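# Observations on chain architecture
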Amino acid sequence: MRVTVIGAGVAGLTCALELAERGVAVEVLERSAQLGASACSWFAGGMLAPWCELESSDPLIARLGAQSIPWWRERFAGTLINGTLVVANGRDAADLTQFAARTGHFEPLASAEIAALEPDLAGRFSQGLYFRDEGHLDPRAALTALAARLGELGVAIRYGLEAPARSPAGRQVVDCTGLAARGQLTDLRGVKGEMLLLRLRELSLSRPVRLLHPRVPVYVVPRPDGLFMVGATMIESDQGTRISARSMLELLSAAYALHPAFGEAEIVEIGTGVRAAFADNLPRLRRHGETLYVNGLYRHGFLIAPALARRAADVVLHGRHFPEVMDADPRQRRLA
Amino acid sequence: MLELYGTSLRSRLLLGSARYPSPAVLTAAVRAARAEVVTVALRRESGGERAGQGFWSIIRGLGVRVLPNTAGCHSVKEAVSTAHMAREVFGTPWIKLEVIGEDDTLQPDVFGLTEAARILCADGFEVFPYTTEDLVVAERLLAAGCRVLMPWGAPIGSGRGLNNLFGLTALRAHFPAVPLIIDAGIGVPSHAARALELGFDAVLINTAIAQAGDPAQMAAAFAQAVEAGRAARLAGPIEPRDLAAPSTPVIGTAFRG
């Protein structure tokens with residue numbers, strides 16, 4: 001069997017690798033000229049945080065996320081399992097209580113334990129939650145590693161190619177093009193996200209830190225080289241061209257509230273992207289003729305892509321059906 | 001029936017549309033609440049006129065009346081231009097007017113509010129001003145042309161219920177004929193029931209439903225509370241008193257003595 005994967009974001013590359021590892025002849029087509037140039041994956045946080053996501057997501061996301069963590073560990077050496085730390089400023093203690101009530105798989109921490117985990121945050125927060133089994137990765141390094149691994153398996157990623165109008169004869173197509181598939185998946189919508197990359201040498205964190213806030217919850221993810229990713233906004237918008245001043249202020253204020261040292265950080269990059277989502281913010285594998293669409297990963301791309309890729313490969317190779325991510329009849333899900 | 005600017009509504013529960021886990025959950029909550037009016041933040045949701053088409057089409061698909069708001073506006077000018085944008089996007093003269101004066105509590109700037117209300121009413125808008133329980137501000141808003149008032153119960157999202165009971169009952173008593181909708185600060189259904197019992201015409205709920213563990217179930221609970229509170233108001237509650245008032249005569253019964 002020969003399969004064409006369209007789109008070299010995290011969904012496309014995980015699907016391609018899953019298929020290639022199972023001995024399928026795969027090629028990947030990517031419309032942009034280089035890896036990540038038009039993928040919202042490039043701007044992701046890269047948090048592997050299934051249990052934190054329970055706060056506002058369907059339990060399905062936690063299940064898919066928990067299944068995906070071992071996949072990353074086996075294939076990307078940069079996958080770190082250092083847990084997630086969740087904190088709130090004193091006046092937002094109610095948010096921490098509510099977060100704890102809706103999630104699971106964590107330990108409550110007092111001030112001294114927070115200091116032991118993240119010495120640079122010593123004395124800043126009196127209570128927190130520690131999700132020990134969660135992880136994080138650098139999305140750009142991870143995409144690069146997946147592309148390299150595909151190369152080793154003889155899979156070509158052909159850049160600068162749009163999806164063909166018709167699927168090539170004798171080939172199955174796995175379409176992972178996010179919002180670009182909207183013409184076919186009319187119930188997709190865009191949710192804009194904005195992020196900052198800051199560089200600060202004076203502070204180090206070993207794990208993602210989520211700072212709860214009633215209006216502007218923000219996370220800070222440490223990256224190599226003194227970089228910190230601060231994200232991410234969620235705005236109902238199909239256009240992701242620029243960051244708004246308000247978002248920038250909110251992201252920076254949150255980083256500053258986490259630690260005032262961020263006031264001295266260098267702003268290395270401002271990124272925006274548009275995530276593709278269905279109305280319930282849950283992913284779908286949807287078949288139209290010879291094409292299998294893998295879409296609607298919303299803000300959970302790195303978290304759930306491997307679990308979806310496994311299912312996608314089982315659908316393509318064995319015709320299996322996964323009711324949790326496949327609609328019986330796509331029209332039922334369509335909003336009037 | 002509740003009448004707002006000539007529109008008759010069966011439901012006295014208005015919903016905000018922000019901060020739901022997903023549009024599908026929002027849809028389920030609107031159905032469960034049997035709400036007929038949903039507010040939409042033009043600014044916060046999209047950051048632009050044409051940007052959030054996906055979300056707007058979901059909102060339109062709800063089949064309810066849209067009450068666009070000017071959330072996030074801090075000046076008269078911003079609020080007025082956001083109102084104009086909303087009129088174009090949603091094709092309605094209704095506008096829930098918010099002019100925020102203080103970012104921490106999201107307390108309305110009542111000075112800017114009255115000014116923006118005057119401008120918008122003169123321009124044909126039907127203005128729903130988000131205000132405090134202040135009587136003089138209420139007078140000014142009515143003089144500006146508003147025919148509905150939306151006093152806060154407590155700061156937006158605080159979930160504290162009716163914070164200033166005295167001020168709110170005074171407002172109700174002063175303006176017996178003006179539709180009064182408690183706009184912010186409601187945390188649980190009993191707060192909403194209380195507002196209706198006190199004679200407020202409706203409540204607008206966002207955070208308390210959107211951020212609940214199960215928003216659709218919470219929406220249904222609010223719908224019941226609002227119905228109960230309204231029915232209680234119409235039924236004429238008894239006055240509280242300091243001493244027990246036996247409901248059957250007790251003098252001379254076997255237990256006395």
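### Regarding the overall build of chain B
Within chain B one finds ten helices and twelve strands. Over its C-alpha atoms chain B spans a radius of gyration of 20 Å, differing by no more than 12% from the 18 Å that the globule rule assigns to 257 residues. Along the longest, intermediate and shortest principal axes, the C-alpha atoms of chain B span 80 × 40 × 35 Å. Counting across all 257 residues of chain B, residues that qualify as buried make up 52%. Counting only contacts in chain B whose residues sit at least 6 apart along the sequence, the fraction spanning at least 24 positions is 66%. Entry remark: accessible area of chain B is about 11600 Å², with carbon and sulfur atoms responsible for 53%.

### Thoughts on the packing of helix α5 (residues 110-122) of chain B against helix α6 (residues 135-144) of chain B
All names here are of chain B. Contact geometry of α5 with α6 gives a least axis separation of 8 Å together with a crossing angle of 15 degrees. One finds that α5 runs roughly parallel with respect to α6. As for the relative orientation of α5 and α6, their crossing is right-handed in sense. Residues V110, L113, T114, A117, R118 and C121 of α5 pack against V137, R140, L141 and A144 of α6. Within the contact of α5 with α6, the residues separate by chemical class into seven nonpolar, one polar and two charged.

### Quick look at the interface of chain B and chain A
The partner chain A presents 21 residues to the 23 residues of chain B that form the contact. Between chain B and chain A lies a buried interface of about 1800 Å² when both sides are counted; carbon and sulfur atoms form 43% of it. Here chain B is connected to chain A by zero salt bridges. Elements supplying a minimum of two residues to the side of chain B that touches chain A: α1 (23-33), α2 (42-46) and α3 (53-61) of chain B.

### Concerning the domain arrangement of chain A
Residue and element names in this part refer to chain A. Structurally, chain A comprises domain 1 (2-44 + 138-183 + 280-335) and domain 2 (84-132 + 190-277). Inter-centroid distance (C-alpha atoms) of domain 1 to domain 2 is 29 Å. Listed by partner, the interface residues are 15 residues for domain 1 and 17 residues for domain 2. Contact between domain 1 and domain 2 buries roughly 1300 Å² in total, counting both sides, with carbon and sulfur atoms accounting for 63%. Put simply, domain 1 and domain 2 have three salt bridges between them.

### Re the packing of aromatic side chains
In the structure shown here, the tally under the stated rule is nine aromatic pairs over all chains. Ring centres of F99 of chain A and F131 of chain A lie 6.0 Å apart, and the angle between their planes is 90 degrees; this geometry places the pair in the edge-to-face category. Of this pair, F99 of chain A sits in helix α3 (residues 93-102) while F131 of chain A sits in strand β6 (residues 127-131), and the two are 32 residues apart along the sequence. Taken individually, F99 of chain A and F131 of chain A each receive the classification buried, so the pair is uniform in this respect. Taking the ring centre of F278 of chain A as reference, the NZ or CZ of R284 of chain A above it sits at 5.2 Å. The ring of F125 of chain B carries R87 of chain B above its face, with NZ or CZ at 4.0 Å from the centroid.

### Let's talk about helix α6 (residues 245-258) of chain A
Residues and elements named next belong to chain A. Taking 1.5 Å of rise per residue, 14 residues should cover 20 Å, and α6 covers 20 Å from first to last C-alpha, within 8% of that figure. For α6, every residue scored as buried is listed here: S247, M248, E250, L251, A254, A255 and L258. Along the axis of α6, the buried positions cluster into a sector of 165 degrees, meaning they face one direction only. The exposed set on the far side of α6, more than 90 degrees from its buried face, consists of A245 and L249.

### Considering the sheet that holds strand β16 (residues 284-288) of chain A
Residue and element names in this part refer to chain A. If you walk across this open sheet you meet the six strands as β8-β2-β1-β9-β17-β16, and the pairing is mixed. Across the chains shown, the open sheet's two edge strands, defined by having one partner strand only, are β8 (156-159) and β16. With strand direction ignored, the average angle separating the axes of adjacent strands in the sheet is 20 degrees. Set on the sheet, helix α7 (residues 301-318) makes contact with β1 (2-6), β9 (171-175), β16 and β17 (291-295); between it and β16 the angle comes to about 25 degrees.

### Considerations on the nonpolar core
Within the largest apolar cluster, 77 residues are counted, with the highest numbers of intra-cluster contacts made by L13, L15, L97, V127, V203 and I205 of chain B. Not counting chain neighbours up to four residues away, the residues in contact with L13 of chain B comprise A33, A35, E36, V203, I205, A219, F222, A223 and V226 of chain B. Of all hydrophobic cores here, the second largest spans 70 residues; its members include V174, C176, L285 and I304 of chain A.

### Section: the pairing of strand β10 (residues 189-199) of chain A
Residue and element names in this part refer to chain A. The buried fraction of β10 is high, at ten of eleven residues. Alignment of β10 against strand β15 (residues 266-277), held across eleven bridges, turns out to be antiparallel. In the strand pairing of β15, M195 is matched with G271. Pairing between β10 and strand β13 (residues 227-231): four bridges, direction antiparallel. When the bridges of β13 are listed, L197 appears paired with M229.

### Considerations on the packing of α1 of chain B against helix α10 (residues 215-235) of chain B
Two measures define how a pair of helices packs: the angle their axes make with one another and the distance between the axes. Residue and element names in this part refer to chain B. At a minimum axis distance of 7 Å, the contact between α1 and α10 shows a crossing angle of 20 degrees. Of the possible angle classes, the one that applies to α1 and α10 is roughly parallel. Every pair of crossing elements has a handedness; the one defined by α1 and α10 is right-handed. Taken together, the residues of α10 that come into contact with α1 (itself represented by V25, A28, A29, A32 and A33) are P215, A216, A219, A220 and A223. Of the residues contributing to the contact of α1 with α10, the split by class is ten nonpolar, no polar and no charged.

### So, the confidence of the model for chain B
Here chain B shows a mean pLDDT of 91. Residues at 70 or above account for 93%. Interface confidence for the predicted complex, given as ipTM, is 0.79, next to a pTM of 0.85.

### Digging into the environment of G123 of chain A
Following the sequence through the fold, G123 of chain A ends up in the loop between α4 (111-117) and β6. Along the chain, G123 of chain A and R102 of chain A lie 21 residues apart, while their C-alpha atoms are 26 Å from each other.

Reading the values: rules and limits
- Residues numbered from 1 in each chain as written.
- Chains lettered and ligands numbered in written order.
- Predicted model: local features only at pLDDT ≥ 70, side-chain atom pairs only at ≥ 80, totals over all residues.
- Heavy atoms only, no water.
- Helix = DSSP H or I, 4+ residues; strand = E, 2+ residues; numbered from the N terminus.
- Rg over C-alpha atoms; globule rule 2.2 N^0.38 Å.
- Buried < 20%, exposed > 50% of the residue type's maximum accessible area, 1.4 Å probe, protein only.
- Contact = heavy atoms within 4.5 Å.
- Areas by Shrake-Rupley, 256 points an atom, 1.4 Å probe, with all protein chains shown as cover.
- Axes fitted to C-alpha atoms, helices over the stretch in contact; angles between N-to-C directions.
- Parallel < 35°, antiparallel > 145°, perpendicular 65-115°, else oblique.
- Left-handed = near helix turned anticlockwise from the far one by under 90°.
- Nonpolar A, V, L, I, M, F, W, Y, C, P; charged D, E, K, R; others polar.
- Buried area = accessible area lost by both parts, 1.4 Å probe.
- Salt bridge = Lys/Arg side-chain N within 4 Å of Asp/Glu carboxyl O.
- Domains from an automatic or database assignment.
- Phe/Tyr/Trp six-rings, centres within 6.5 Å; stacked < 30°, edge-to-face > 60°.
- Lys NZ or Arg CZ within 6 Å of the ring centre and 35° of its normal.
- Expected span 1.5 Å × (residues − 1).
- Arc of directions from axis to C-beta.
- Pairing = 2+ DSSP bridges.
- Core = buried A, V, L, I, M, F, W, Y, C linked by side-chain atoms within 4.5 Å.
- pLDDT = per-residue confidence, 0-100.

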